[in-house]
Amino acid sequence: MKPRDDGRIVKPLPPDRFAVHGPNAEMRWEAMRGEGVLVPNDRFFVRDHTRTPLIDVRTWRLRLFGDGLRGAPPRDRAVEFGYEDLLAMPSRTLDAVIECAGNGRALFASQQGTPMPGIPWGLGGVGAARWRGVPLAAVLERAGLRPDAVDVLPSGLDPDFGLDGENLGRVRRPLPVGKAMDDVLVAYEMNGVPLPPDHGFPARLVVPGWVGIASIKWLGEIEVAGRPLPSPWSTRMYRMFGPGHPPGGGPALAEQVTKSAFELARDERVPAGRTTVLTGRSWAPDGPVRAVEVSVDGGASWRTARLLDGDTAWSRWSLEWCPDRTGPVMLVARAVDGTGARQPFRAEPNDEGYLFGAAVRHRVLVA
Ligand SMILES: Nc1nc2c(c(=O)[nH]1)N[C@H]1C(S)=C(S)[C@@H](COP(=O)(O)O)O[C@H]1N2
Ligand SMILES: [Mo]
């Protein structure tokens, strides 16, 4: 497949399914109405730092090196896995959400009056898919993981990333060995087909519950070390900076925050005097949400939505609503996570606009 002439994403991006921001494409939530739990590949959001590379699987290798492996192989004598090697290892299937740390960033402006720089994601920088692959733990063990290893540093095969005129090199971000050995997958399938180019073909990490940048696509190398392996994606980016945060910035972001989204277009028309079934989805970093509450009066009163799913990657919900008056209405949805915590009214501001976790306000027009 050839890349589109006008874009850096390979797959088609029809405007009824995606809002495009440079080399990134946001899922339109209204396109998920009536869909199953998982987001079809033709609707899944794309976040590319530069562009989608087209990788020849015959020459592709996943290479592991560093002093966190037995024998401390240097980069030029890395332990190698080919595509067929991965396919031959015992596989695991995992339904998981991948979500950009900046998902919801535009709501800092529209809902809290504090615009933040960066990709102006609405709430569509997220998706749930069925991933199949090999546990990262199995790959690390086969490569000879030492018990004193501390960090693994996966990096992608997409072009180097430049920021403010500086070349920061390959997109890469460290994972502590504890998380790497827990539930991380080296995925080669997405929803039953080989990973599409835009989502990391031939192999990517899937790091459940964590900010999307941890789930490195087009995996090429993994350094393993007995010391921390910082990268610009864990030091300069993907930390909380600004008032209310430690002077040099907070710790590297790891877990996401709980969110909810309506499967509605912005300013969608809703008929007056008839029952409409409002639908949406909620998700939390460490398991299913306990409840979802919806307000049809801007947050003055709340009703409990019906949860459609049990223990799934995210939870679909619905609520019947019969608006009796015409005019704009502010709908609000908030989830209660497994610990009993409710999404707050206000998200914690930070200079990069990460982790917008406040209850979403969604305007519709009753006509
Ligand atoms: N190599 C590489 N991996 C990457 C990225 C990238 O640009 N290059 N983007 C990251 C970010 S910021 C996110 S949110 C997710 C998005 O995954 P998706 O495009 O499959 O939805 O991939 C992550 N992995
Ligand atoms: Mo992201």
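Residues numbered from 1 in each chain as written. Chains lettered and ligands numbered in written order. Predicted model: local features only at pLDDT ≥ 70, side-chain atom pairs only at ≥ 80, totals over all residues. Heavy atoms only, no water.

Here we come to the site of ligand 1. Taken together, the neighbourhood of ligand 1 is formed by 19 residues, with F45, H49, D158, R204 and K217 sitting nearest. One of the side-chain N or O atoms of K217 is found 2.6 Å from an oxygen atom in ligand 1. Surface burial for ligand 1 is 100%, taken as the share of its 530 Å² of free accessible area covered by protein chains. Taking a 2 Å distance to the grid points as the criterion, the majority of the atoms of ligand 1 fall inside the largest cavity. (Near = heavy atom within 4 Å. Polar contact = N/O pair within 3.5 Å; in protein donor to acceptor, adjacent residues only side chain to side chain. Areas by Shrake-Rupley, 256 points an atom, 1.4 Å probe, with all protein chains shown as cover. 1 Å grid on protein atoms, 1.4 Å probe; cavity = no way out; pocket = protein on both sides within 12 Å on 5 of 7 lines; lining within 4 Å. Sits in = over half its atoms within 2 Å of the grid points.)

With that settled, the discussion passes to the UniProt feature "domain: Oxidoreductase molybdopterin-binding" (unreviewed entry) in the protein. Within the UniProt annotation, "domain: Oxidoreductase molybdopterin-binding" (unreviewed entry) is assigned to residues 49-233. Regarding residues 49-233, the helix share stands at 15% and the strand share at 30%, and the terminal C-alpha atoms are separated by 11 Å. (UniProt positions renumbered as here; feature names shortened; annotations may be inferred. Helix = DSSP H or I, 4+ residues; strand = E, 2+ residues; numbered from the N terminus.)

Below, the discussion takes up the nonpolar core. Counting residues in each nonpolar core, the largest one holds 100 residues, and the members touching the most others are L64, L86, W131, L136 and V139. Setting aside its immediate chain neighbours within four residues, L136 contacts L175, A180, V184, L185, V186, L205 and I222. One finds I9, F18, A25 and V46 within the second-largest nonpolar core, a separate group that totals five residues. (Core = buried A, V, L, I, M, F, W, Y, C linked by side-chain atoms within 4.5 Å. Buried < 20%, exposed > 50% of the residue type's maximum accessible area, 1.4 Å probe, protein only. Contact = heavy atoms within 4.5 Å.)

In this model, the largest pocket occupies a volume close to 710 Å³. In terms of lining residues, the largest pocket is bounded by 27 residues, among which L107, G122, L123, R266 and H362 are the most central. Where the lining of the largest pocket is concerned, the elements lending two or more residues are β1 (18-21), β2 (24-27), α2 (105-112), β16 (259-262) and β24 (360-366). Lining the second largest pocket are 27 residues; nearest its centre among them are V97, A284, P285, G287 and A313. Looking at the lining of the second largest pocket, the elements that each hand over two or more residues are β6 (92-99) and β18 (276-283). The biggest single contributor to the lining of the second largest pocket is β6, with six residues. (Points joined across faces, edges and corners; volume = space filled by probe spheres on them.)

Moving on, we come to the packing of aromatic side chains. Overall, the coordinates contain 12 aromatic pairs when judged by the stated rule. A centroid spacing of 5.2 Å and a plane angle of 20 degrees characterise the contact between Y238 and Y354, whose relative ring orientation is stacked. Pair noted here: Y238 is in the loop between α5 (232-235) and β16 and Y354 is in the loop between β23 (327-336) and β24, with a separation of 116 residues, a long-range link. Joined through ring pairs, the aromatic side chains of F44, F45, W121 and W131 make up one cluster. (Phe/Tyr/Trp six-rings, centres within 6.5 Å; stacked < 30°, edge-to-face > 60°.)

Below, the discussion takes up the pattern of salt bridges. A complete count under the given rule lists 23 salt bridges for this structure. A salt bridge links E80 to R63, with the nearest nitrogen and oxygen atoms 3.2 Å apart. Of the two residues, E80 sits in strand β5 (residues 79-81) while R63 sits in strand β4 (residues 62-65), which places them 17 residues apart along the sequence. Where E263 meets R281, a salt bridge forms, and the shortest distance between an N and an O atom there is 2.5 Å. Separated by 18 residues along the polypeptide, E263 in the loop between β16 and β17 (268-270) and R281 in strand β18 bring together distant segments of the chain. (Salt bridge = Lys/Arg side-chain N within 4 Å of Asp/Glu carboxyl O.)

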